[in-house]
Amino acid sequence: MNTSAEKYIRKEALPFIFCPGCGHGIVVNSFVRAIDELNIGENEMACVSGIGCSSWAPVYLKFDCLHTLHGRAIAQAEGLKTVQPDKRIVVFTGDGDCVGIGGNHLIHAARRNIDLTVIMMSNYIYGMTGGQKAPTTPFGASTKTSPLGNDEEPFELYPLVRAAGATFYARASVTHPVQLKNAIKKGMEHKGFSFIEVLSPCPTTAGRNIFSFRTPAEMYDWYEEQVVVLSRAVPEAPEGKIGLGILYEDNSRREFCEVLAERRKEAME
Amino acid sequence: MNQILIDRDYCKGCGLCIRACRQGVLAMGKERSKGDYLMPYAAAPEKCVGCGLCELFCPDVCIRVEKKEAGHA
């Protein structure tokens with residue numbers, strides 16, 4: 001076990017419940033590295049999660065954890081942040097949890113620009129319940145509930161979250177763990193609503209049943225072909241590829257808890 | 001020589017560390033982990049450059065690379 005993990009992971013809860021090769025494990029691995037670099041103490045942070053494979057992630061961390069109803073992770077995190085504004089709150093959520101069932105909470109939290117870090121692990125499918133189609137499933141992909149191909153267009157999350165008012169948006173992939181760690185770190189340092197979309201392959205449900213990959217390694221190879229890391233040399237993703245990096249950052253808008261504290265002070269005077 | 005330590009208790013034998021290693025140090029072994037998965041092992045430890053990619057890619061956080069100074073090998 002690496003040194004960051006030894007510092008922040010509950011050994012008694014291991015091994016992870018995730019299937020062999022699940023990308024969510026790499027997200028946890030990168031997350032503990034990021035918080036180790038930021039040097040966050042045990043009482044400075046709390047994690048909130050909803051329901052789904054991805055929402056198991058905070059269970060293994062040595063932080064207070066709120067495991068809530070399906071889709072309501074962001075709503076509960078908002079409440080927690082409002083009463084404890086000095087703590088960092090991180091939300092671990094999946095694509096079905098965050099965008100499907102809790103979609104309304106997502107846009108309203110973004111509108112308020114409340115200081116949360118939302119790590120959304122997108123595996124394009126409802127993995128825990130057996131592979132039903134999710135709001136992020138690509139058009140034409142066959143799943144358990146769309147055997148003839150998905151006939152709905154997936155959500156385009158970047159324009160949605162940005163238009164709703166989020167001030168930080170990063171996209172990362174578990175096939176690039178260093179960039180993932182940096183995205184998490186920057187998102188946690190950002191004051192305001194930060195949304196990190198992580199592409200995290202599901203080798204069991206999606207890999208075996210939908211894409212018919214035989215091993216996790218094959219699926220990771222395929223994912224690596226789909227993405228391109230954006231930099232100054234490559235400012236935009238080529239046609240058909242998914243760009244990784246910090247897509248948007250805005251420090252001009254005020255944070256919700258600051259506004260609340262100011263209003264409270266005005267009312268007391 | 002760098003040492004690659006793989007925790008028997010937590011490994012699930014997904015093989016992502018073998019994919020991640022650009023030097024071809026790791027290979028799938030015959031030994032089984034506590035969860036009854038086939039485990040990878042350092043087949044060619046002398047090739048290890050200590051980059052730590054296997055550590056980064058491990059979804060079960062069970063790999064640790066102990067770096068040793070080149071002179072002490």
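Counting secondary structure elements, chain A contains 10 helices and 10 strands. Against the 2.2 N^0.38 benchmark of 18 Å for 269 residues, chain A shows a C-alpha radius of gyration of 18 Å, consistent with a compact globule. Seen through its C-alpha atoms, chain A measures out along the principal axes to roughly 65 × 40 × 40 Å. Among the 269 residues that make up chain A, the fraction classed as buried is 48%. In chain A, of all internal contacts separated by at least 6 residues, the share reaching a separation of at least 24 is 68%.

The next point concerns the overall build of chain B. Secondary structure assignment for chain B yields 2 helices and 4 strands. A globule of 73 residues ought to have a C-alpha radius of gyration of about 11 Å, and chain B, at 12 Å, matches this closely. When each of the 73 residues of chain B is scored for burial, the buried share is 44%. Long-range contacts, defined as pairs at least 24 residues apart, comprise 58% of the intrachain contacts of chain B with a sequence gap of at least 6.

In this assembly, 20 residues from chain B lie in contact with 21 residues from chain A. Among the elements that take part in the side of chain B that touches chain A, helix 2 (residues 53–57) of chain B stands out by supplying 3 residues, more than any other. Residues of the side of chain B that touches chain A, tallied by class, amount to 10 nonpolar, 3 polar and 7 charged.

Averaged over all residues, the pLDDT of chain B equals 87, while 93% of them reach at least 70. For this predicted complex, the interface confidence comes out at an ipTM of 0.89, alongside a pTM of 0.92.

Right, let's get into the sheet that holds strand 1 (residues 45–49) of chain A. Residues and elements named next belong to chain A. Here 8 strands make up an open sheet; going across it, the order is 2-1-3-4-8-7-10-9 and the pairing mixed. The sheet is open, and its two borders are formed by strand 2 (64–67) and strand 9 (227–229), each paired with just one other strand. Going across the sheet, the axis of each strand differs from the next one's by a mean of 25 degrees, ignoring polarity. Pairing analysis gives 6 bridges linking strand 4 (residues 117–122) to strand 8 (residues 194–199), with the strands arranged parallel. Note on strand 8: the bridge partner recorded for V118 is F195. Along the sheet face, helix 3 (residues 73–83) touches strand 1, strand 2, strand 3 (88–94) and strand 4 and points at about 175 degrees away from the line of strand 3.

Definitions and cut-offs
- Just so you know, the residues in each chain are numbered from 1, in the order the chain's sequence is written.
- Key to labels: chains lettered from A, ligands numbered from 1, both in the order written.
- Only residues with pLDDT of at least 70 get local features here, since the model is predicted, and only at 80 or more are side-chain atom pairs given and counted; chain-wide, interface and lining totals rely on the full set of residues.
- A run of H or I in DSSP counts as a helix once it spans at least four residues, and a run of E counts as a strand once it spans at least two, with each numbered from the N terminus.
- A radius of gyration in this sense is built from C-alpha atoms; the matching globule rule multiplies 2.2 Å by the number of residues raised to 0.38.
- Here exposure depends only on C-beta density: within 10 Å of a residue's C-beta, 20 or more other C-beta atoms make it buried, 12 or fewer make it exposed, and intermediate numbers make it partly exposed, the C-beta atoms being placed from the backbone.
- A pair of residues counts as a contact when their C-beta atoms, built from backbone coordinates, are within 7 Å of each other.
- Residue polarity is assigned by list, with Asp, Glu, Lys and Arg as charged and Ala, Val, Leu, Ile, Met, Phe, Trp, Tyr, Cys and Pro as nonpolar; anything else, Gly included, falls into the polar class.
- Per residue, pLDDT captures the predictor's confidence, and it can take any value from 0 to 100.
- When DSSP finds two or more bridges between a pair of strands, those strands are recorded as paired.
- Helix axes are fitted to C-alpha atoms over the stretch in contact, other axes to C-alpha atoms as well, and angles between N-to-C directions run from 0 to 180 degrees.

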